[in-house]
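Now for the letters of each chain:
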Amino acid sequence: MALKRPTHSIDAEMVYISRKDKAWNSDRIEAEAAELGNTLEAGLKAHPVWHWLDGEYRFDISAEMPLGDSTVAAEEYLEGEPSIGLFIFRRIPIKERGRLQARWDRMIRRANESGDTQIDEVEFFSFCYDAFRLGVAKLEGGPAPFEAPPGRAVPDSKIDALEPHGGESLIKEVGYAAFVASKKLTESEKKR
Amino acid sequence: MAYFDCELTGCLLEGGHRLRTRMGCRLPGLGHPRARFEPHAHGDLHASQGLTIIKNGVIKAAPEDPEDGCPGSWVRSRFAKSFARYQRARAEGGMRVQNPLITPDTDDLILEALRYFEREHEGGEGRYRQQRSEQSSG
């Protein structure tokens, strides 16, 4: 299968805006998605913003993403300041990343072995919580901004303060994205 | 980058659209190049740019998968350009010259990319030397 040319920058600041944030121009995304797939769901999955949120561009908000004959950037789809805030990621140190990867692999293996492809929810939340602590450097704006102490994890109190604004699902979403932001070099980044 | 000079091939000239399609160009603005992509044209590109040296028997380039598109668009990608400033030049004798951007605080991903790039670079040089030696002994 052909590799996709990486169009993000290796040293760009990694930022994340929740999928549920009102700052996303959902009217534009849905209108474009309607042309990309037979159903809205299929179109959304083919939309560049969806790929961006999945971490394909390592959360470089200016990365050029193909859309038909032209290119777009995730930042073009934002209207105003993010209501939940702008999460700034940092690379999870290699040792911790290795531990998280091992936990992730174990979760997937267990799910496969049990025959029920669902990941254990409690284990997944705990995994995302740890990835959040290690991989988020700062939350700018929104109702509960914070900044992690240099070289140290985000205190639990700061993460818990976010629960009223997005619940467990926000922590899972952002924690998982922080884990993806620290993934190893991809096949396409290596062109191999 | 000089090996895949898009201006030299004529890809960036007016009317170069068809040629870019043929080469499998992945630079923006071409739409869906895979529709009329001709993988064999990629080999022509290598030959025209002096990379496949089967004719004069000096270097054989590491194989590129034509399906990935023309390497010219890869070396011009934002990723490759952003990484270029972290690369370490080679000094005489093969040692790497220190790059002030590489410090103990440098991002792990950049260090990983640097190790990967240097290993591939050295592997390529090894293949080149081996071929030279096989040609001179044959």
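Residues numbered from 1 in each chain as written. Chains lettered and ligands numbered in written order. Predicted model: local features only at pLDDT ≥ 70, side-chain atom pairs only at ≥ 80, totals over all residues.

Chemist: Help me understand the overall build of chain A in this model?
Modeler: Helix and strand counts for chain A stand at eight helices and six strands. In terms of overall dimensions, chain A is globule-like: its C-alpha atoms have a radius of gyration of 17 Å, near the 16 Å expected for 192 residues. For chain A, the spread of C-alpha atoms along the three principal axes comes to 45 × 40 × 35 Å. Looking at chain A as a whole, 29% of its 192 residues are labelled buried. (Helix = DSSP H or I, 4+ residues; strand = E, 2+ residues; numbered from the N terminus. Rg over C-alpha atoms; globule rule 2.2 N^0.38 Å. Buried ≥ 20, exposed ≤ 12 C-beta atoms within 10 Å, placed from the backbone.)

Chemist: For this particular structure, what's the right way to read the domain arrangement of chain A?
Modeler: Quite often, the size of an interface is put as the accessible area lost when its parts meet. By domain assignment, chain A separates into domain 1 (24-77) and domain 2 (91-136 + 150-185). Each of domain 1 of chain A and domain 2 of chain A was reduced to a C-alpha centroid, and the two centroids are 24 Å apart. (Domains from an automatic or database assignment.)

Chemist: Sorry if this is basic, but what is going on with the interface of chain A and chain B here?
Modeler: Between chain A and chain B, the contact holds 22 residues from the first and 21 residues from the second. Tallied by class, residues from the side of chain A that touches chain B come to nine nonpolar, four polar and nine charged. (Contact = placed C-beta atoms within 7 Å. Nonpolar A, V, L, I, M, F, W, Y, C, P; charged D, E, K, R; others polar.)

Chemist: Before we go on, may I ask you to explain the confidence of the model for chain B in this structure?
Modeler: In low-pLDDT regions, the fine details of the predicted coordinates are not to be read closely. Residues and elements named next belong to chain B. Scored by pLDDT, chain B comes out at a mean of 74, with 70% of its residues at no less than 70. Per-residue pLDDT, averaged within each element of chain B, yields its smallest value for helix α3 (residues 39-48) (50) and its largest for helix α5 (residues 78-84) (94). Scored below 50 in pLDDT, residues 46-60 shows 20 contacts in the model against residues more than four places distant or in partner chains. Here the predicted complex scores 0.84 on pTM and 0.89 on ipTM. (pLDDT = per-residue confidence, 0-100.)

Chemist: Whenever I open this one, the packing of helix α4 (residues 94-114) of chain A against helix α5 (residues 121-135) of chain A confuses me. Can you help?
Modeler: Working note: a packed helix pair is described by the angle between its axes plus the distance between those axes. Residue and element names in this part refer to chain A. One way to put it is that α4 packs onto α5 with a least axis distance of 11 Å and a crossing angle of 165°. Considering their axes alone, α4 and α5 lie roughly antiparallel with respect to each other. As for how α4 packs across α5, the hand of that crossing is left-handed. Along the contact surface, α4 presents E96, L100, R103, W104 and M107, while α5 presents E123, F124, F127, D130, A131 and L134. (Axes fitted to C-alpha atoms, helices over the stretch in contact; angles between N-to-C directions. Parallel < 35°, antiparallel > 145°, perpendicular 65-115°, else oblique. Left-handed = near helix turned anticlockwise from the far one by under 90°.)

Chemist: Help me out: how do you make sense of the nonpolar core in this one?
Modeler: Within soluble globular proteins, side chains that are nonpolar generally end up buried alongside one another. If you look at the biggest cluster of nonpolar residues, it comprises 36 residues, and the most contacted ones within it are F89, A131, F132, V136, V174 and A178 of chain A. Going through the elements one at a time, α3 (48-53), β4 (86-89), α5, β5 (136-140) and α7 (163-181) of chain A are the ones with two or more residues in this core. The element contributing the most residues to this core is α7 of chain A, with seven residues. The residues that make up this core include at least three from each of domain 1 (24-77) and domain 2 (91-136 + 150-185) of chain A. Look past the residues within four positions of V136 of chain A in its chain and what remains in contact with it is F87, F89, A148, V154, V174 and A178 of chain A. Counting six residues, the second-largest nonpolar core is a separate cluster that includes C6, C11, M23 and C70 of chain B. (Core = buried A, V, L, I, M, F, W, Y, C linked by C-beta atoms within 7 Å.)

Chemist: When you look at the sheet that holds strand β1 (residues 15-16) of chain A in this model, what are you seeing that I'm missing?
Modeler: Strand pairing in a sheet takes place through backbone hydrogen bonds and is either antiparallel or parallel in direction. All names here are of chain A. Overall, antiparallel pairing links the four strands, which are arranged β1-β4-β5-β6 in an open sheet. The strands lining the two open edges of the sheet, one partner per strand, are β1 and β6 (146-147). Sheet analysis places β1 next to β4, joined by two bridges and oriented antiparallel. Bridge pairing links V15 to I88 in β4. Sheet strands in contact with α7 are β1, β4 and β5, and its direction is about 35° off that of β4. (Pairing = 2+ DSSP bridges.)

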